[in-house]
Amino acid sequence: MGHTVTLACCALNQWALDFHGNLQRILESVRLAKEKGAAYRLGPELEVCGYGCGDHFLEGDTQLLSMQSLATLLEDPLTRNIICDIGMPVMHKNVLYNCRVIFLNQTILLIRPKMYLAMDGNYREMRWFTPWTKLRHTEQFYLPPLIADITGQVCFNVLPIVS
Ligand SMILES: *[C@@H]1O[C@H](CO)[C@@H](O)[C@H](O)[C@H]1NC(C)=O
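Just so it is clear, the structure is predicted and the values come from calculations on it, not from any experiment. (Residues numbered from 1 in each chain as written. Predicted model: local features only at pLDDT ≥ 70, side-chain atom pairs only at ≥ 80, totals over all residues. Heavy atoms only, no water.)

Novice: How would you explain helix H1 (residues 19-35) if you had to name every residue and give the values?
Specialist: With 17 residues, H1 extends 24 Å from end C-alpha to end C-alpha; this agrees with the ideal 24 Å at 1.5 Å per step. Tucked into the core, H1 has its buried residues touching strand E1 (7-9), strand E2 (40-42), helix H2 (60-75) and strand E3 (83-92). At the C-terminal side of H1, Gly37 shows a positive phi close to 85°. (Helix = DSSP H or I, 4+ residues; strand = E, 2+ residues; numbered from the N terminus. Expected span 1.5 Å × (residues − 1). Contact = heavy atoms within 4.5 Å.)

Novice: Residues and numbers for the packing of H1 against H2, please.
Specialist: At a closest axis distance of 11 Å, the pairing of H1 and H2 adopts a crossing angle of 30°. One element, H1, and the other, H2, form an angle in the roughly parallel class. Once H1 is placed against H2, the crossing between them reads as right-handed. The segment H1 lies against H2, with Phe19, Leu23, Ile26 and Leu27 engaging Thr62, Leu65, Ser66, Ser69, Thr72 and Leu73. (Axes fitted to C-alpha atoms, helices over the stretch in contact; angles between N-to-C directions. Parallel < 35°, antiparallel > 145°, perpendicular 65-115°, else oblique. Left-handed = near helix turned anticlockwise from the far one by under 90°.)

Novice: I'd like a rundown of the site of the ligand, residues and numbers included.
Specialist: As a matter of local geometry, the ligand sits amid Arg80, Asn81, Leu104 and Asn105. Residue Asn105 places a side-chain N or O atom 2.3 Å away from an oxygen atom belonging to the ligand. Expressed as a share of its isolated accessible area of 360 Å², the protein-covered part of the ligand is 35%. Class assignment of the residues belonging to the shell around the ligand gives a composition of one nonpolar, two polar and one charged. (Near = heavy atom within 4 Å. Polar contact = N/O pair within 3.5 Å; in protein donor to acceptor, adjacent residues only side chain to side chain. Areas by Shrake-Rupley, 256 points an atom, 1.4 Å probe, with all protein chains shown as cover. Nonpolar A, V, L, I, M, F, W, Y, C, P; charged D, E, K, R; others polar.)

Novice: Any chance you could break down unusual backbone geometry for me, citing the residues and the numbers?
Specialist: Phi angles above zero are rare outside glycine, and Leu17 is one such case at about 65°. Inspection of the secondary structure puts Leu17 in the loop between E1 and H1. The phi angle at Asn81 is positive, at roughly 65°, despite the residue not being glycine. Its place among the elements puts Asn81 in the loop between H2 and E3.

Novice: A description of the side chain of Asp85 should follow, citing residues and the corresponding values.
Specialist: With respect to the helices and strands, Asp85 occurs in strand E3. Relative accessible area serves as the criterion here: at 5%, Asp85 is assigned to the buried category. Among the polar contacts listed, one links the side chain of Asp85 to the side chain of Arg100, at a separation of 2.7 Å. Contacts of Asp85, omitting those with residues within four sequence positions, involve Tyr40, Arg41, Leu42, Gly43, Glu47, Arg100, Val101 and Ile102. (Buried < 20%, exposed > 50% of the residue type's maximum accessible area, 1.4 Å probe, protein only.)

Novice: Please set out the nonpolar core residue by residue, giving values where relevant.
Specialist: Ranked by size, the top nonpolar core spans 43 residues in total, and within it Leu70, Val90, Phe103, Ile108, Ile111, Phe141 and Ile147 carry the most contacts. Looking at this core, the elements with two or more residues in it are H1, H2, E3, strand E4 (95-104), strand E5 (107-113), helix H3 (145-151) and strand E7 (155-158). Sort the elements by how many residues they give to this core and H1 lands first, with six residues. When neighbours within four sequence positions are excluded, Ile108 is seen to be in contact with Leu70, Leu74, Val101, Ile102, Phe103, Leu143, Ile147, Thr151, Gln153 and Phe156. (Core = buried A, V, L, I, M, F, W, Y, C linked by side-chain atoms within 4.5 Å.)

Novice: Just give me the short version of the packing of aromatic side chains, but keep the residues and values in it.
Specialist: A full pass over the atoms with the stated rule returns four aromatic pairs. Taken together, a centroid distance of 5.7 Å and an interplanar angle of 50° make the contact between Phe57 and Trp128 tilted. One end of the pair, Phe57, is in the loop between E2 and H2; the other, Trp128, is in the loop between E5 and strand E6 (139-142), and 71 residues separate them in sequence. Centre to centre, the rings of Tyr97 and Trp132 are 5.4 Å apart; their planes meet at 65°, and the pair counts as edge-to-face. Taken together, the residues span a long stretch of sequence, with Tyr97 in strand E4 and Trp132 in the loop between E5 and E6 at a distance of 35 residues. Overall, the relative accessible area of 10% leaves Tyr97 in the buried class. (Phe/Tyr/Trp six-rings, centres within 6.5 Å; stacked < 30°, edge-to-face > 60°.)

Geometric descriptors of this kind do not, in isolation, establish any biological role.
The structure is reproduced here in structure tokens:
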């Protein structure tokens, strides 16, 4: 007899660079996910900054504001007791990745960079992001102080997983 788990898969009406509005919608989705009894809340790709930020993806401010949004999410009591899987850009060793940041109870469990970037049709993800190419290879990621101050972690693993 297996166990069941409730997964909340959220499609949000995010806007490019609307950090405040995006954050409110993420928090509301976490609230709804918990209300429905979900143990895991999965959000859209790059939901923190919005998907189509164009060359704003390359600006330091976009990355800083994304980290500040992550800090707010970590600190909000709403994100307690539910695994949050958040889409946001993350700079690692001066290279920008399109990532999932997964945390529970103010502890970051995993950062998972996207491995296969969309380059067909209207997509030009490789203009802004680098694909993670080190299959099943883990590296230490040094948390920015504004995150480490909350989580009490100094660094943790960047771990790509392929299905
Ligand atoms: C997360 O925190 C809640 C209390 O806020 C606690 O009940 C729960 O056991 C914690 N989960 C884990 C895995 O530590």
